[in-house]
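# Summary of structural features
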Amino acid sequence: MPTSTIDIKTYPLYLDGQWIDFDEHIEVTNPATGQVFARIAKLNRKDVATAIDHAQKAFMSWRKVTGKQRSDYLNAIANQLALRTEEIAQTITKENGKPLPQSRGEVNMMIDHYHWFAGEARRIYGRMVPHQVEGKRHLILKSPVGVVGAISPWNFPVVLATRKLAPALAAGCTVLLKPASATPLSSVLLAECIEAAGVPRGVFQLIAGSAQDIGAEFMENPLCRKVSFTGSTAVGKNLIEQSARTVTAISMELGGNAPMLVFGDADLDRAVAGAIIAKFRNTGQSCVAANRIYVQRNIYDQFLAKFLTDAKSLKVGSGLEPDVEIGPLIDDQAIELALELIADAQACGAKVLYGGHRIEGPGNFLAPTVLADVPPTAKCMNCEIFAPIAPICPFDDEAEGILHANATEYGLAAYVYTNDLARALRLSEELDAGTIGLNDAVPAVSTSPFGGCKESGLGRELGTEGIEPYLETKHISIGGVD
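Let us look at the structure shown here. (Residues numbered from 1 in each chain as written. Predicted model: local features only at pLDDT ≥ 70, side-chain atom pairs only at ≥ 80, totals over all residues. Heavy atoms only, no water.)

## Considering the overall build of the chain
Secondary structure summary: the chain contains 13 helices and 21 strands in total. Across its three principal axes, the chain shows a C-alpha extent of roughly 75 × 70 × 40 Å. A buried classification covers 55% of the 482 residues belonging to the chain. Treating the 44 positive side-chain charges of the chain as one cloud and the 55 negative ones as another, the clouds have centres 6 Å apart. (Helix = DSSP H or I, 4+ residues; strand = E, 2+ residues; numbered from the N terminus. Buried < 20%, exposed > 50% of the residue type's maximum accessible area, 1.4 Å probe, protein only. Lys, Arg positive; Asp, Glu negative; His and termini not counted. Charge placed at Lys NZ, Arg CZ, Asp CG, Glu CD.)

Next comes the structure, spelled out in structure tokens:
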């Protein structure tokens, strides 16, 4: 809700090496209180075009900086972030709502990403291809694509931005970052760290404003040669359509509806603990959350009992309070959508074993909710749940489990709990997901690729694959060598 601007700090944008305020602003609300506590400058489409011009000018020199020098810059950014870990974590929690320990974990992962791509900046290899005709040689080179428009979401505001920024900078590209309007402040602190690291003027810029206008300028401006987006599948599809007009290169990390398969031979305690983490981390507001938990029938009742006990023990409250594990949802609309999913599941025959209601008082709090015997027709089994709602249902055998797991247009992540190695290998091949956690609830790591198949996206972030979207491959055929 709007409040008086007294004591509300205003944050500028970082454009072409300068901090600039504008006449219009975006208000930032703390989802734990419902109160506006800050605002950030808002630019228009013309300003975005100017920023792209500055990025193109900076690109002409940044692309010539050696890989070792770019590596040094990325390590310097990581070091600046490390000095301000607590400040950034506190800011994430204030604008996003997640428990503070999880915000600290996000900052630490972001720092690790910068160190990883600092190393990759020194390993952008070409190759010499054996010639087939006498007197010729064939050289393969990797070159930066150019100006990059990066659009990041609110649920992991800095780490998902970094999965675009770090590889782009390492590759020799210049970047304009558009953070989510709900959570732009942690990106301001990131920009301050990039400035403090000495990154040259125009190489990185922070913008904020209308997502529609900024996205359109990214897609239609011929100087912007690459767009990387993390967000909903619906918006991703729209950006893909726009990219066709200028053949702008795109990377997309979109929605998810991750299944978890728990087999009768699994370590039950480990499986329950993993399900709690994979479902309720970030208050369930994660594209890789375990949104459909399938448990083999012979251990179904045992799993439900243990899961229910652990879910009831989760502390709900402001992410700044000690020991809180479930924070607020991002806004009131998220609460309403969650309640609609719960009501629909009940109408379809599911049982609400715990929760299922909004917690009265200020803020956007939903009680952790456990749904049992959820039929496949329920909406929550067929969409991305961004809430602490855990639908659980039984299955009989491996074939049925695979059928249920793959029965979605999404393919971002999947989880399997089993102690049968042969089954684990079979499922690794048969599940339609870009990331599979085998007895692992938190599989993402800087050194391994992350991304989805089907309608969950295009391309990969992180790992050695993470820098490839920001590089063009060139073939140089050299004659007259005889």
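## A few points about the nonpolar core
With 117 residues, the main nonpolar core has Tyr114, Phe218, Ile293, Phe303 and Phe307 as its most contacted residues. Counting residues in hydrophobic clusters, the runner-up holds 30 residues, among them Leu261, Ile330, Ala334 and Cys393. (Core = buried A, V, L, I, M, F, W, Y, C linked by side-chain atoms within 4.5 Å.)

## Side note on empty space enclosed by the protein
Under the definition given, this model contains two cavities of 30 Å³ or more. What lines the largest cavity is a set of 16 residues, among which Pro259, Ala405, Tyr410, Ala413 and Asp432 lie closest to the centre. Put simply, the second largest cavity is a space of about 40 Å³. Examining the composition of the lining of the second largest cavity, we find that three residues originate from one element, strand β12 (residues 249-253), more than from any other. (1 Å grid on protein atoms, 1.4 Å probe; cavity = no way out; pocket = protein on both sides within 12 Å on 5 of 7 lines; lining within 4 Å. Points joined across faces, edges and corners; volume = space filled by probe spheres on them.)

## Things to note about the pairing of strand β9 (residues 174-178)
Burial of β9 is extensive: five of the five residues sit out of reach of the surface. By the alternation rule, side chains of β9 split into Thr174, Leu176 and Lys178 and Val175 and Leu177, which are all buried. Examined bridge by bridge, strand β8 (residues 147-151) and β9 share five bridges and lie parallel to one another. Each residue of the ladder has a partner; that of Val148, found in β9, is Val175. Note that the unit made of β8, helix α5 (residues 159-171) and β9 has a crossover that is right-handed. Here three bridges tie β9 to strand β10 (residues 204-206), and the two strands are oriented parallel to one another. Of the residues in β10, the one forming a bridge with Leu176 is Gln205. (Pairing = 2+ DSSP bridges. Right-handed = clockwise from strand over helix to strand, strands pointing away.)

## Things to note about the layout of surface pockets
As a volume, the largest pocket reaches approximately 1,100 Å³. Taken together, 45 residues make up the lining of the largest pocket; nearest its centre are Trp154, Gly231, Ser232, Val235 and Glu384. Counting residues per element, the ones that place at least two in the lining of the largest pocket are α7 (211-220), β11 (224-230), α8 (233-246) and α11 (332-347). Here the element with the most residues in the lining of the largest pocket is α11; it accounts for seven residues. When grouped by side-chain class, the residues that make up the lining of the largest pocket number 24 nonpolar, 14 polar and seven charged. What the second largest pocket holds in volume is close to 370 Å³. Along its surface, the second largest pocket is lined by 23 residues, and Met109, Phe156, Arg163, Arg281 and Val442 are the ones closest to its centre. Listed by contribution, the elements that provide at least two residues to the lining of the second largest pocket are α4 (100-121), α5 and β18 (413-417). (Nonpolar A, V, L, I, M, F, W, Y, C, P; charged D, E, K, R; others polar.)

## Looking at helix α6 (residues 185-196)
Between its first and last C-alpha, α6 extends 17 Å over twelve residues, near the 16 Å set by a 1.5 Å rise per residue. Among all positions in α6, only Leu185, Ser186, Ser187, Val188, Leu189, Leu190, Ala191, Cys193 and Ile194 are buried. Just downstream of α6, Gly198 is the residue with a positive phi angle, here 85 degrees. (Expected span 1.5 Å × (residues − 1).)

## Some words on the pattern of salt bridges
Applying the stated rule across the entire model yields 22 salt bridges. With its nearest N and O atoms 2.6 Å apart, the salt bridge here joins Glu106 to Lys98. Residue Glu106 is classed as buried on the basis of its relative accessible area, which comes to 4%. For Lys98, a relative accessible area of 1% gives the class buried. A salt bridge links Arg123 to Glu120, with the nearest nitrogen and oxygen atoms 2.8 Å apart. On the basis of relative accessibility, which here comes to 37%, the residue Arg123 falls in the partly exposed class. (Salt bridge = Lys/Arg side-chain N within 4 Å of Asp/Glu carboxyl O.)

## Observations regarding the side chain of Glu253
Here Glu253 shows up in strand β12. Arg163 provides the closest opposite charge to the buried, salt-bridge-free Glu253, at an N-O distance of 5.3 Å. Filtering out sequence-adjacent residues up to four positions away, Glu253 remains in contact with Phe229, Thr230, Gly231, Cys287, Leu412, Phe450 and Ser456. (Contact = heavy atoms within 4.5 Å.)

## Re unusual backbone geometry
Of note, Val247 is a non-glycine position whose phi angle comes to about 50 degrees, a positive value. Assignment of secondary structure puts Val247 in the loop between α8 and β12. Its identity is not glycine, yet Asp323 carries a phi of approximately 70 degrees, on the positive side. Residue classification places Asp323 among the exposed positions, given a relative accessible area of 64%.

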